[in-house]
Structures are given as C-alpha cells and as structure tokens.
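# Working through the structure, step by step
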Amino acid sequence: MAAKYTPAPRTGDDSKQKPVRLQTFSGANGLDEEAQRHTDDEGDVDGQTANSTQDKPKLRNLFFDDGKRRIDFILAWTIDHKRPETARQARQVFEENLIKEGLELEYDTRGRDVNFVKVHAPFDVLKRYADILKLRMPMKMILAEQHMKEKYSDWEEDDFGLIVNRTRTSNNNVASKTPLPSVGARLWNNTIQLVRKFMVPFHYDETVLPTVSRSYSCPYSSSREYLFEIPENKDEYFSKAIRSWIVDYILRRQSFNVSNSKTFSFGIKKMLSDGFYSAAYPLHEGHWKAGSANNARKVLFDHWANWTNCLKFQPIDYIRFYFGEKIALYFAWLGFYTLMLVPATVVGLAVFFYGLGIMSTNIASKELCDPHNNITMCPLCDARCPYWKLSDACSHAKASRIFDNGATVFFAIFMSLWGTLFLEFWKRKEATIQYKWDLTTFVQEEEPPRPEYLSKLENWQIFKMNPVTGIQEPHLPFWKRRFPIFLASYSIMLFLAAIAVTAVIGVIAYRVSMLAALQLIPQHVSSNSTVVATTAGLIYENASLVTTVTAALINLAIIIILNVIYGHLAFWLTDWECLRTQSEYDNSITIKLFALQFVNYFCSIFYIAFFKGQFVGRPGKYRTIFGGRQEECEAGGCLIELCIQLAIIMVGKQLIQNNFIEIVVPKLIKLVKRKCSKETREQKLAKTPWEKDYILAPAESMSLFYEYLEMVLQFGFLTIFCAAFPLAPLFALLNNIVEIRVDANKFTTHLRRPLAEKSANIGIWYSVLYGISRIAIISNAFIIALTSEFIPRLVYTSRYSPDESLSGYINFTMAYFNTSDFAPSDRPKDIHLGVISMCRYKDFRNPPWEDPEYRRSTAFWHVLAARLAFVVVFENVVVVITSLISWLIPDVPTILKEQIHREAYITNEIVLKTELRRAQGEDLNSLGGAHLSDENLRYSPHHSEDIELKKRSPSTGKSKSGSQIYI
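Residues numbered from 1 in each chain as written. Predicted model: local features only at pLDDT ≥ 70, side-chain atom pairs only at ≥ 80, totals over all residues. Heavy atoms only, no water.

### A closer look at the overall build of the chain
- Within the chain, the regular secondary structure consists of 29 helices and 24 strands.
- Classification of the 967 residues of the chain by burial places 53% in the buried group.
- By element, 60% of the accessible surface of the chain is carried by carbon and sulfur atoms, the whole surface being about 44,200 Å². (Helix = DSSP H or I, 4+ residues; strand = E, 2+ residues; numbered from the N terminus. Buried < 20%, exposed > 50% of the residue type's maximum accessible area, 1.4 Å probe, protein only. Areas by Shrake-Rupley, 256 points an atom, 1.4 Å probe, with all protein chains shown as cover.)

### Some details on the environment of leucine 272
- Looking at the element boundaries, leucine 272 is found in helix H7 (residues 268-274).
- You can call leucine 272 partly exposed: its relative accessible area is 32%.
- Between the alpha carbons of leucine 272 and tryptophan 77 there is a distance of 9.3 Å; along the sequence they are 195 residues apart.
- Setting aside residues up to four positions removed in sequence, leucine 272 forms contacts with Tyr277, Ser278, Ala279 and Ala280. (Contact = heavy atoms within 4.5 Å.)

### Side note on a nonpolar patch on the surface
- Judged by side-chain polarity, Phe660, Ile661, Val664 and Leu668 come together as a nonpolar surface patch covering roughly 330 Å² of accessible area.
- Within the secondary structure, phenylalanine 660 sits in helix H20 (residues 639-676). (Patch = residues over 30% accessible without salt bridge, like charges linked within 9 Å, V, L, I, M, F, W, Y side chains within 5 Å. Salt bridge = Lys/Arg side-chain N within 4 Å of Asp/Glu carboxyl O.)

### Concerning the state of the cysteines
- Taken as a whole and judged by the stated rule, the model has three disulfides.
- Between the sulfur atoms of cysteine 369 and its disulfide mate cysteine 394 the distance is 2.0 Å. Residues cysteine 369 and cysteine 394 are joined by a disulfide whose S-S torsion is about 95°; by sign, that bridge is right-handed. Separated by 25 residues along the polypeptide, cysteine 369 in helix H11 (residues 363-369) and cysteine 394 in helix H12 (residues 394-403) bring together distant segments of the chain. (Disulfide = S-S within 2.5 Å.)

### Description of the packing of helix H10 (residues 325-358) against helix H24 (residues 728-750)
- Relative orientation of the contacting elements H10 and H24 amounts to 160°, with a least axis distance of 8 Å. If you check the angle between H10 and H24, you find them roughly antiparallel. When the axes of H10 and H24 are compared, the crossing they make is left-handed. Across the interface between the two elements, Ile327, Tyr330, Phe331, Leu334, Gly335, Tyr337, Thr338, Leu341, Val342, Ala344, Thr345 and Leu349 from H10 touch Pro729, Leu730, Ala732, Leu733, Asn736, Ile737, Glu739, Ile740, Asp743, Ala744 and Phe747 from H24.
- For the contact of H10 with H24, the per-class residue count stands at 17 nonpolar, four polar and two charged. (Axes fitted to C-alpha atoms, helices over the stretch in contact; angles between N-to-C directions. Parallel < 35°, antiparallel > 145°, perpendicular 65-115°, else oblique. Left-handed = near helix turned anticlockwise from the far one by under 90°. Nonpolar A, V, L, I, M, F, W, Y, C, P; charged D, E, K, R; others polar.)

### Considering the pattern of salt bridges
- Counted under the stated rule, the structure contains 28 salt bridges.
- A salt bridge links glutamate 325 to arginine 320; the shortest N-O distance between them is 3.1 Å.
- Judged by its relative accessible area of 5%, glutamate 325 falls in the buried class.
- Linked through salt bridges whose partners overlap, the residues forming this network are Arg70, Lys240, Glu285 and Arg753.

### Quick word on the sheet that holds strand S13 (residues 279-281)
- In spatial order, the strands read S4-S5-S3-S13; together these four strands make up an open sheet with antiparallel pairing. Each edge of the sheet is formed by a strand with only one pairing partner; in this case those strands are strand S4 (104-108) and S13. The average angle at which neighbouring strand axes cross in this sheet is 20°, direction not considered.
- Pairing of strand S3 (residues 73-78) with strand S5 (residues 114-120), which is carried by six bridges, proceeds in the antiparallel orientation. For tryptophan 77, the partnering residue across the bridge sits in S5 and is asparagine 115.
- Contacting S3 and S5, helix H6 (residues 240-251) runs over the sheet at an angle of about 45° to S3. (Pairing = 2+ DSSP bridges.)

### Overview of the nonpolar core
- The biggest cluster of nonpolar side chains holds 148 residues, and the ones touching the most others in it are Phe331, Trp333, Tyr337, Trp418, Phe422, Trp426 and Ile762.
- When residues in this core are grouped by element, the largest group, 16 residues, is from H10.
- Filtering out sequence-adjacent residues up to four positions away, isoleucine 762 remains in contact with Leu329, Trp333, Trp426, Glu430, Tyr708 and Leu769.
- The next biggest cluster of nonpolar side chains, apart from the first, holds 45 residues, and it includes Ala90, Tyr216, Phe228 and Ile230. (Core = buried A, V, L, I, M, F, W, Y, C linked by side-chain atoms within 4.5 Å.)

### A word on the pairing of S5
- Here S5 lies mainly inside the structure; seven of its seven residues are buried.
- As paired elements, S4 and S5 share five bridges and run antiparallel to each other. Residue tyrosine 107 lies in a different strand from S5, and its bridge partner there is valine 117.

### Details of the packing of aromatic side chains
- For the structure shown, the criterion picks out 57 aromatic pairs.
- Consider the rings of tyrosine 816 and tryptophan 849, whose centres lie 5.1 Å apart with planes at 55°: the pair is tilted. Of this pair, tyrosine 816 sits in strand S22 (residues 814-818) while tryptophan 849 sits in the loop between strand S23 (838-842) and helix H28 (858-888), and the two are 33 residues apart along the sequence.
- Its relative accessible area of 55% is what places tryptophan 849 among the exposed residues.
- Pairing phenylalanine 817 with tyrosine 854 gives two aromatic rings, centres 5.3 Å apart and planes at 35°, and the pair type is tilted. Note that phenylalanine 817 is positioned in strand S22 and tyrosine 854 in the loop between S23 and H28, a separation of 37 residues in sequence.
- On the accessibility criterion, phenylalanine 817 (0% relative accessible area) is buried.
- Judged by relative accessible area, which is 4%, tyrosine 854 ranks as buried.
- One Lys or Arg, arginine 752, reaches over the ring of tyrosine 694 and ends 5.1 Å from the middle of that ring.
- Sitting above the plane of the tyrosine 800 ring, arginine 799 keeps its charged end 5.9 Å from the centroid. (Phe/Tyr/Trp six-rings, centres within 6.5 Å; stacked < 30°, edge-to-face > 60°. Lys NZ or Arg CZ within 6 Å of the ring centre and 35° of its normal.)

Geometry only, nothing functional implied.
Right, here's the structure in full:
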C-alpha cells in the first residue's frame, strides 16, 4: 500500500516542511527511489562491498540498465536439453504477450547456465490493473479536511486513540464537557495505561520504524485520479509489494501457446511446472549483513529478525510492506498467540510452585512414605517379580503431588477459558488488522485450475463449463472417478494411523518387559564394586521412572520418523486425488497432515491418560493381552507418568524438530556449501542481485503451512492435556520467542523474496484451533476424573474420613489379597521379604474375608459416580461459561464498527461533493498533493495503530521521533 512519511521536526520552520512520499521504507532508513538510481550492484557478499576503499557501501541495483525503470519481477530459465525448441517457443510467445499487456522486459543472457528476464511494470499498467482489481489507495487528506471539517469539528481522538465528540450540548444549549466516565471505566483505563508503561521496553525502535496509522482510502479509479495523492514521481505511488503483486497477476494470465488448441497453456505457474522457466520471483531490496548499504531488508533484519530483538514486539506494518499481507498476518497471529501465553505461563508457574509447596506436607504423601506403616504390595509381574514395600514409591508419590492437587482443577478451567479468550480476542485483533490493511472487503479471486491438475488431465475427454469463468474445463465425475480415489485415500490414512497405534503398543510391550527386567536387578547383580552396586540400587529404586523416560524417548524417535513418512505419503495421496484448485489442495493436505500428526503425537499420551491401569484386573485374575499382563499405574497414580510423557514429547519436538532442524541444519548446509564452493571472492562480488537471489531457497507456497501446523499442534499440547502439565505454557512461550526470530530470519536471509500475497484471515486454521479448544474441555474433564486422584480424595474426605482430612487415605485406596489365592505358576519366586500371607494392591475391592470376595466395593461405586458427575458438571459449566464469553465479546470491536461506517460515509461524501465541484467546472488539479500544516485544524479520522493497544502519543498522533506514516 502506498504511504507517506512526515520527517521528524528539526529546527525552525523545518517542522512545517511538506511531507514526502514513503516508498515502503524510504522514510525509515533515509533511502528513496532516486538514491538507488544509477548505481552499480552493491556487491555486499558477507557484508563487504565491491570497492573496499569507499566508506559508504553501494546500493543494490534494482533498475534496468537505463537506471530509471525499476525491476518488479525476475524470470529465470535454463536450457531445456530434452525439448529446447518447445521451451524457447513457449517463452517467446509468453514474453510477447507480456509486452502486449504493457510490461517492459530486459534480458540478461551472458552465456551462463541461468538466463534472466527483468520485468518492469510502467505506471500506466499499474494504474490500469489497480482500477481493474479495485485496489484501495489513500485519498488526499485535504479533501477530507475541506468536506468534513465543519461536520466533525467537535470530534477528536481521545487519550486512547478513539474518535469521540469533544463537546456535548446540554439542555440549555450550552457546550459542556462529556460526562465523566464511570469508576469502572476509569479503573480499566488506568490499568491499560499501566500495562502500556510496562510494555514500553519491549517496543521496537520507533525512531527507525515510525508508527503507521491509517488514512482515508477508496477503490482506485483512473477516471477519478484527482481523489488520490499521486506524487510527482509516479513510480513511487505503488509500493514495491503491490507492484510485484500486480505483475504476478499479469503473469498468471498470459498464454504461452501460439494456437488455441490447448486452452490451459497459460500462466507462469504452468510454465514453471512444465520447466519452461526455472524460477519467478521479486527481488530483495538489498543485502542484510552488517556493512551493507541501508535498505528495507536490512532494516527488517536489524530491528526484527536479529536475535537481539527476541524480546521486542514485531513491526507488523513493515513486515506487511515488505512481504505482503499473508505473511504479515501469520506473524501477527504468532505474536498475538505468544503474548497470550504470558498470563497462561504465570498461572501455570503459580500452580507448579503451589504443588512444590505441598509436596512434602501432604498427609497422603507422608503416609505413603512412612516405612512404619509396613504396607507390602503385590508383585508387579507374575512369578519373577518380588513383593515390595509401598514406601519404596515415596519419591514417585511426592513428585506426583506436584501436578496432582486441587490447583490442577483450577488450572484446567483457567486454560479452557484462556483458549476461548485467545480465539475471541484474536477475532477482534484480526478485524482491526483487516480494517487497517484495507482487507474488510477483500474477496479471493476465482482460482484457476492448478497446473498439475491440468497436466494430469491433458488428454481427458470429459469437459464441463465453469459457471464463473465460462471456460470448458476437464471434469472428473464424482461417483465414477473421485469417490473411489477418496475412499482409497482415506482408507490408506486409517492404515497409517493404525501404524502409529501399533507403535504405541510396541512401546507398551517395551515398558512392561523393561519394568519386569529392572525388578530382577537385586537377584542378578552381585558385585564387589561400590559404584556398580550403588548404580544398580539407584536404577532398581527408580525402575518406574527409568522405564517411563526411556519409553518416552523411544516413542519420540518413532514419532519423528513417522512424521517424515506421513509427510511424503500425505502429499502423494493428495496429488493422487487430483484436486482442481490450490485452495482445495491446501485444505486437503491440511486435513491429512494434521490428522496424521495429531494421531502420531497424541496416541501414546491418550493411552496413558485414559486407558492405562483402567482394565488391569486384580491379583490372581489379571486381564491379559497376547498372554501378558496389562500395565498398572504406580502407587502415586498415572498422572506423573502422563506429565513425563507429555513433557518429553512436547519439549523434544520443539528442540529437535523445530529448533535443531530450523536453526542448526540450515547453518550446517550453508557451511558445507561454502566449503565446497570453488567461487572466488571476485566471482561472488561480480554476481548481479538477481543471481544472488536465485541461489537462495525458493519461497514455496507451503512454507506457511508447516509454520501454522507446528503452532496448532503446540496449541493442542497446551490445552488438551493442560491438567497434567502446568509448565506447558512456559515451554511454549520460550519456544515461540525463538520461533518468531527463526521464521523471521528464514524469510529475510535464507529465502527468495516471497510474493506479496493478500489474505484476510488465517483460513482453515481458526476452525482447527476452535475444534481443539472444544476437545480440550472433554479431555481435561476426564483427566481430572479418571487419571488424577482428585475425585477419590474428594470422596474420601467428604464421606469416609472421620475428621474430613486425608488421614488414612492411603489405606482407603488399597485392597487386600490373600497370597494363597495365587496360581502356583504366578506365585513370586523371590521371597527376600519373608513369607507374605497378605499383600495390597491399588483398587476398591472387597477383602478376602468378605463375601463375595474381591468384588467391587461400595467405595468403588461412590467414586465412579462422583467421577461421572464431575465430568458432566465440568463440561457443562465450562461450555456454558466459554459460550457466554464468546457471546459477550463481539467479533468486531464496537468502535471499529463505527469507524468503518463513518469512513464509508465520509468517503462517499467526499466523492459526491468532489464530483459536484468537478461538474461545476472547478479546477481540482490545483489541490495537487497539498497537505495541511496546521495539525490543530486537521480532522484526524485515521484509526490508531491498534484499537486494542492504544497510541503512545495520542494528543498529537506522532511517534517518539515526531514522525508519522499514513497508509
């Protein structure tokens, strides 16, 4: 979007100087279009310049050889040895059509392996397509002043950036101040101001990146050009992002076939797919390394992507200027999500420290750890495992109390509300962004068929007219062609999901066998070495912990391997489905990859949370699978094991798959390439900007898909199992702080400049997030009811405890078993504890001296009823509260609705009155690009940088540097 920049006031009358047009970053870094003309290539490899004797580094050559026409796009091609004449003819036809469309081309064919076509869009072409595409462009501020000053003379921006009526007329028609706000409103405003003051150290440097505010805009019309602020140098009117977007729009619609026999031989994507071009991309503004000439890319790196800014807010508007709305919207969402993690982290840490505080003081833990209670437990496996003392599980039980306490319920409810508030506040934030970026009326254009779709159906005989475009397109009958493929595709997906379940079963078998093996350590380890004996004893005492951790690590390794397999197969299945448009393709691959990775990551966690220890049976009559006993929960419960599993998979995924692969691997690849490269320094310096950008990795359309998928899975870890791991928000926050800079670094330094695509929202991912937040409510209800000890403790204190305390709770949860009832083959062979006539096990069953023996006791049914009641109450209460919150919080802020309606009205009035003046013969060109210099007289209808986060200097609408940018 075009923008204008008012420089910071210096001395004297300089503060009233005429504002100059900002071309993306020209006001921010002191560079303008003229400064970049008539320059050689900057040659700033590794931060150096081609001429090291010069103090000032050269700017990047972004123009044709004449130094006047800007390069808006680059087309690269290599010699096609298989069909050179076909490729040459296709390029020739395509480029001739581009010239007919008005684009200007210049060639760089210096006998190298790669040849380049430089594309320039003249102002007339840009103006024509801005009219066709109805791009919203800024209007002259003087028009708004002339037409609206009288009507809105009493309106101004208040201390919070909202446009309010400055005066009111009382009953006696005397102007009076607006009534004082309520106490609650004043308290809320003071809280907001306090939060803003606290956030000041986290803001980026506004002297370099001034505040961007919105100005009036309306759809561009070449017949009403007098409404728009067009500078003297017309090439500066359209931003570089818009220029490349318009050029890409033209490239996607030009034919490359002489005859009309092939209807779908058109578009740059089809040419790239057919290999006629090897790449198509806009140029980066310059180099990003230290010592390079100042440019938009370097400014973004220094003040956004650099690791020194990891605790700073993001300059979202400048990201949009450079990369376009789609990428900027992703970073806005990621930044908002990261900010929302702060309160979740604070509450999670509070719950964790509360658990640490009661870990040793809990009555139940003291009873379990007291060796004088002399509770002998039944063996953990048949025959080979010995009897053991309950006090041996002391450390495990204490650790379990950290996460299994009353605060867990509060945290689960809090995270359910947090998930809803996050989604609702994001909708408001998104609405604000849409308004500020002129996306409120954005409609995605009708998508053409995918090149891959057309290639597969090149010889297809069945055609159907597209009801929108009227073009005859290849048609795949649903029941004969599509349904069988979809059925087979999703059947294969079920099979792939079954593989993940099978892997979990294998890990379960490992845990059972490993735990049984570790129980035999005292019998088989006999050494005179103190170190060996101590180590063996330590492993034996922590057999459960060792088994849990190693099994989780094995599971993590399997998950990473399966993810690679799933990724390739998901794309193969989606290609097989032969979907028509890119949106259909993206939605299909999103569903497949998310479903497969969701099963892969969460399958083992769901098993521990809801199935482990629930169907074990009892001593003497254990339920078996494939001849082996099922796993049992430890004396402290399964919640601590669930916590360990969740922590290892979540943190391991972030460290290995996210940070290692995204940070370390690219650096290693770059290091290897540098070592293997035979290019001399002079050869590197001689490369043109388009050659340097060509070497970078292509910015593929699926780049953002993986970033969203990564964060959505993390959101699942946070919300679905938050009751088991209150530290999850902390690890997510730390990861996201790193993730923002990793992604920013990738886009600014490692990838070619992406096309500045437009997007009004985050697409299907919002629906996925909403679905996860609903699943989380059910999941946490069952985790608290079934996996934690919260409900049994509650039942015991309210019904069975004589003094309503937890004294005697451990004995309450332990059932008795007569060891003489063991089958001879199952009776323990190790009797180092002596002859045991009665052992205990964790369950609610009748003792052997009651009839019927070993049947479910009354306490079991009381606890079960309480668990089911808790699930019903928890789910309904949380659902009602979250639904009420969703209903109370409007998707679009009220002040924003008023602002949208006001702007539509004012814009219409401006157009009508200006047209009337034009019809009356007034010279509208005399308005030129004039601006008001008297800030006190200017009606300021522009929206604040963020309705939710008010302006820092509301009285003047200026940033710290005294400058302001309007878009």
